[in-house]
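Architecture at a glance
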Amino acid sequence: NPTVANIDITTAASDWLWAVFAVMALSAIVLLVLGHATRPIGERAFHELAAALCFTASIAYYSMASDLGATAVPVEFIRGGTLGENWVDVGVLRPTRSIWYARYIDWTITTPLLLLELALTTALPLSQVFGLIFFDIVMIITGLLGALTPTRYKWGFFTFGCVAMLWIFWVLAVPARKSASHLGTDFHRTYTSSALMLCVLWLVYPVIWAVCDGGNVITPTSEMVAYGVLDLLAKPVFSFIHVMQLSRLDYARLGM
Ligand code: RET
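Basis of the calculations
- Residues numbered from 1 in each chain as written.
- Predicted model: local features only at pLDDT ≥ 70, side-chain atom pairs only at ≥ 80, totals over all residues.
- Heavy atoms only, no water.
- Near = heavy atom within 4 Å.
- Polar contact = N/O pair within 3.5 Å; in protein donor to acceptor, adjacent residues only side chain to side chain.
- Areas by Shrake-Rupley, 256 points an atom, 1.4 Å probe, with all protein chains shown as cover.
- Helix = DSSP H or I, 4+ residues; strand = E, 2+ residues; numbered from the N terminus.
- Nonpolar A, V, L, I, M, F, W, Y, C, P; charged D, E, K, R; others polar.
- pLDDT = per-residue confidence, 0-100.
- Contact = heavy atoms within 4.5 Å.
- Phe/Tyr/Trp six-rings, centres within 6.5 Å; stacked < 30°, edge-to-face > 60°.
- Buried < 20%, exposed > 50% of the residue type's maximum accessible area, 1.4 Å probe, protein only.
- Core = buried A, V, L, I, M, F, W, Y, C linked by side-chain atoms within 4.5 Å.
- Axes fitted to C-alpha atoms, helices over the stretch in contact; angles between N-to-C directions.
- Parallel < 35°, antiparallel > 145°, perpendicular 65-115°, else oblique.
- Left-handed = near helix turned anticlockwise from the far one by under 90°.
- Expected span 1.5 Å × (residues − 1).
- Arc of directions from axis to C-beta.

1. A few points about the site of the ligand
The immediate surroundings of the ligand are formed by 16 residues, with Trp107, Trp202, Tyr205, Ala234 and Lys235 found nearest. The contact in question runs from an oxygen atom of the ligand to an N or O atom on the side chain of Lys235, over 3.4 Å. Bound to the protein, the ligand loses 100% of the 540 Å² it would expose on its own. Elements with a contribution of two residues or more to the shell around the ligand: helix H5 (102–119), helix H6 (126–148), helix H7 (154–173), helix H9 (185–214) and helix H10 (220–246). Considering only residue class, the shell around the ligand consists of eleven nonpolar, three polar and two charged.

2. Describing the confidence of the model for the protein chain
A residue-level look at the protein chain finds 88% of positions with pLDDT of 70 or above and a mean pLDDT of 91. Scored below 50 in pLDDT, residues 1–7 makes ten contacts in the model with residues more than four places away or belonging to other chains. Taken over the whole predicted complex, pTM reads 0.90, whereas the ipTM for its chain interfaces reads 0.98.

3. Considering the packing of aromatic side chains
Counted according to the given criterion, the structure contains 14 aromatic pairs. Measuring from centroid to centroid gives 5.5 Å for Trp18 and Phe21, while their planes differ by 90°, and the two rings are edge-to-face. Placement of the pair is Trp18 and Phe21 together in helix H2 (residues 11–38), with a separation of three residues, close to one helical turn. Seen from their ring centres, Phe158 and Trp209 are 4.8 Å apart, and the 15° between their planes marks the pair as stacked. Here Phe158, found in helix H7, pairs with Trp209, found in helix H9; they are 51 residues apart in sequence, far enough to count as distant.

4. Here's the deal with unusual backbone geometry
Residues other than glycine predominantly adopt negative phi, and peptide bonds predominantly adopt the trans conformation. We note that Asp67 has phi near 65°; this positive angle belongs to a residue other than glycine. Relative to the helices and strands, Asp67 resides in the loop between helix H3 (45–65) and strand S1 (71–74).

5. Some details on the side chain of Arg97
Note on placement: Arg97 falls in strand S4 (residues 96–99). Residue classification places Arg97 among the buried positions, given a relative accessible area of 3%. At a separation of 3.5 Å, a polar atom in the side chain of Arg97 contacts the main-chain carbonyl oxygen of Cys212. For Arg97, the side chain forms a polar contact with the side chain of Glu223, separated by 2.8 Å. Those residues in contact with Arg97 that sit more than four places away from it in its chain are Thr71, Ala72, Val73, Val75, Cys212, Asp213, Asn216, Ile218, Thr219, Pro220 and Glu223.

6. Structural notes on the nonpolar core
In terms of nonpolar packing, the biggest core is built from 55 residues, with Leu132, Leu172, Leu198 and Trp202 touching the most fellow members. Only H2, H3, H5, H6, H7, helix H8 (175–181), H9 and H10 provide two or more residues apiece to this core. It is H9 that contributes the most residues to this core, eleven residues altogether. Among all residues touching Leu132, those that are not within four sequence positions of it are Leu115, Ala119, Leu124, Ile168, Val171 and Leu172. Judged by nonpolar contacts, the second largest core, of eleven residues, contains Val20, Met64, Trp100 and Leu232.

7. With respect to the environment of Ala60
Note on placement: Ala60 falls in helix H3. When the C-alpha positions of Ala60 and Ala102 are compared, they lie 6.0 Å apart, and in sequence the two are 42 residues distant. Beyond its immediate stretch of four places on either side in the chain, Ala60 contacts Ala102 and Asp106.

8. Digging into the packing of H5 against H6
Contact geometry for H5 and H6: axes closest at 9 Å, N-to-C directions at 155°. Of the possible angle classes, the one that applies to H5 and H6 is roughly antiparallel. Where H5 crosses over H6, the handedness of that crossing is right-handed. Facing H5, whose interface residues are Tyr104, Trp107, Thr108, Thr111, Pro112, Leu115, Leu116 and Ala119, H6 presents Val129, Leu132, Ile133, Asp136, Ile137, Ile140, Ile141, Gly143, Leu144 and Ala147.

9. Examining H7
An ideal rise of 1.5 Å per residue puts 28 Å on 20 residues; H7 measures up with 29 Å between its terminal C-alpha atoms. For H7, the full list of buried residues reads Lys154, Phe158, Gly161, Ala164, Met165, Ile168, Phe169, Val171 and Leu172. The arc enclosing the buried residues of H7, seen along the axis, measures out at 160°, which places them on a common side. Relative to its buried face, H7 has exposed residues pointing more than 90 degrees away, namely Phe160, Val163 and Leu166. Buried positions along H7 lie against H5, H6, H8 and H9.

Listed below in structure tokens is the structure:
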């Protein structure tokens, strides 16, 4: 039935996903070249972290653009849709939602790299860096478990994920910022603006989750657009701004 098929991923969304794939792949290459051209070998870590996470994302988008990396999960809350003239309960015909687990695999790799990209500019003690990475993985995996859960227990997983995210924000806002301030005002200023940008962008992810994999309120196609824009901002745009700001700083103070 064509009307029912409309609520799933469309050709238009696949074009969009290929476009995001291309931007991610190109960004990875440009970041690598930029690192090699502007920094000696011991000072390329930030370019390389950024390139690695853009490259990882490009594989996730390759997967999603090819309509791979999703699984159908039964939904409790069901969207209505029109079938001919009549408003029908789409769930009667197709009581599942495509859960794009490929993006959670991407995020499991890329969000720790993004946090490292930030935390390594602050001389934060290693124990707290481990804490950041640990709670980041908790956040993403609970999001995946929640997305794969058909019942309202999914919101329990979601809550664990949100608590983990708040912990991350606290470490970034308090101990990491304090640590960066010991490196001087230029490091402190660069860190604070990048950390703020990261927190604002990350805050939008659980909101989208709640209306996609969580509440099944918007279609997988809208989900692709929303997460796509956000991923472009949170990965390449964030990383380019970050390495450009870092280029003015003296890495010797980081002991790198
Ligand atoms: C989930 C659901 C569970 C609760 C929370 C989430 C947050 C996810 C975030 C993802 C960030 C992804 C990035 C990707 C690439 O650029 C897993 C959606 C809090 C913050 C930055």
